[in-house]
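# Examination of the molecular architecture
The chain contents come next:
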Amino acid sequence: MSTASESPAFSTFRRNISRMVHLFELLDESVDRTSSELSSFKSLPSTEDPEEVKQRTEKGENLNARISKINAQMDLSTEWGCVMLVTCAETYLQDALSYFAGLDSTLMNDSDQKASYREVISAASVDELAEELRGRWARNVIDDGGPRKWVDRFRRMGAATLENFDGGPMEELWGSRHLIVHRAGKVTRDFLSRHPNCAAAVGDQLVIPWQKLSEYVKSTRAFVVTVEQFLNNRQAGRSRQNAS
């Protein structure tokens, strides 16, 4: 999705995800290129020349070392790719909710935000105070639950396009992110009970293949695009009502 009406929050999310995907594509290409080079090397005809054997042995070891290094880079990058993907999605939700609430205050109808006397007198303007309250409300929405709860919240707000959305991959992603940040990727009993297909046993090191991260990106991006379209359409409808 890329439209003239997209929110600043969505523009930022789209750019960040594009850069992240591009990084993994480059790493994947490096693995394929080096693997192809190793395959061609192994198909060379045999030789009994001692010097040639020595050179080939060294080259084979170097190629294997390069593949191991790139794979290690890929493993590390996919782990922290999960962390960044969650950060980008949560930042989008917070900034988008705050932005659209600034255009239509009814978005915050269920909010109980209050400003203290100190906050009122220290604010440079009413607009600044309102922006602070919108940001606080949006952050509370993000902190109150996870992907499945957010999906349910937007459905109740009227986002019918989320009716059949599968929040399972996002729940798995958020759980993986928590494990990476808080346990250095070591699988816990709670994580394994929630996501039994992600690891074999408690104490294992969580491994996230690039293909798995690609699924997480696809699911998260679909959710964000749907929320953006819903909020844009909702705002457009409110504007038409106010104009009539």
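Let me sum up the structure you'll find in this document. (Residues numbered from 1 in each chain as written. Predicted model: local features only at pLDDT ≥ 70, side-chain atom pairs only at ≥ 80, totals over all residues. Heavy atoms only, no water.)

## Digging into the side chain of Glu-6
You can see Glu-6 is positioned in the segment before α1 (8-42). Separated by 2.6 Å, the side chains of Glu-6 and Ser-11 make a polar contact. A polar contact of 2.6 Å, which involves the side chain of Glu-6, links it to the side chain of Arg-14. (Helix = DSSP H or I, 4+ residues; strand = E, 2+ residues; numbered from the N terminus. Polar contact = N/O pair within 3.5 Å; in protein donor to acceptor, adjacent residues only side chain to side chain.)

## A few points about the environment of Phe-191
When you line up the elements, Phe-191 lands in helix α7 (residues 189-194). Sequence separation between Phe-191 and Ser-176 is 15 residues; the distance between their C-alpha atoms is 8.0 Å. Beyond its immediate sequence surroundings of up to four residues, Phe-191 is in contact with Gly-175, Ser-176, Leu-179, Cys-198 and Leu-206. (Contact = heavy atoms within 4.5 Å.)

## Points about the pattern of salt bridges
Note on pairing: side chains with opposite charge can pair once their charged atoms come close. This structure, assessed with the given rule, holds nine salt bridges. Its salt-bridge partner being Glu-6, residue Arg-14 comes within 2.6 Å of it at the nearest N-O pair. A salt bridge links Arg-56 to Glu-52; its shortest N-O distance comes to 3.2 Å. With Arg-56 and Glu-52 both in helix α2 (residues 50-103) and four residues apart, this pair spans about one turn of that helix. Taking the relative accessible area as the measure of exposure, Glu-52 reaches 29% and is therefore partly exposed. The structure contains a network of salt bridges with shared partners spanning Glu-90, Arg-139 and Asp-143. (Salt bridge = Lys/Arg side-chain N within 4 Å of Asp/Glu carboxyl O. Buried < 20%, exposed > 50% of the residue type's maximum accessible area, 1.4 Å probe, protein only.)

## Quick look at the environment of Ala-159
Relative to the elements of secondary structure, Ala-159 occurs in the loop between α5 (147-157) and α6 (168-183). By relative accessible area, which is 3% here, Ala-159 ends up buried. Counting along the chain gives 67 residues from Ala-159 to Thr-226, while the straight-line C-alpha distance between them is 8.1 Å. Not counting residues up to four positions away in its chain, the partners in contact with Ala-159 are Phe-154 and Phe-230.

## Topic: unusual backbone geometry
At Ala-184, a position not held by glycine, the phi torsion is positive, near 55°. Inspection of the secondary structure assignment puts Ala-184 in the loop between α6 and α7.

## Looking at the packing of α2 against α6
It is at 9 Å that the axes of α2 and α6 come closest, and there the two elements cross at 120°. The angle between the axes of α2 and α6 places the two elements in the oblique class. As for the relative orientation of α2 and α6, their crossing is left-handed in sense. Packed against α2, whose contacting residues are Glu-79, Trp-80, Cys-82, Val-83, Leu-85, Val-86, Ala-89 and Glu-90, the element α6 presents Leu-173, Trp-174, Arg-177, Ile-180 and Val-181 at the interface. By residue class, the composition of the contact of α2 with α6 is ten nonpolar, no polar and three charged. (Axes fitted to C-alpha atoms, helices over the stretch in contact; angles between N-to-C directions. Parallel < 35°, antiparallel > 145°, perpendicular 65-115°, else oblique. Left-handed = near helix turned anticlockwise from the far one by under 90°. Nonpolar A, V, L, I, M, F, W, Y, C, P; charged D, E, K, R; others polar.)

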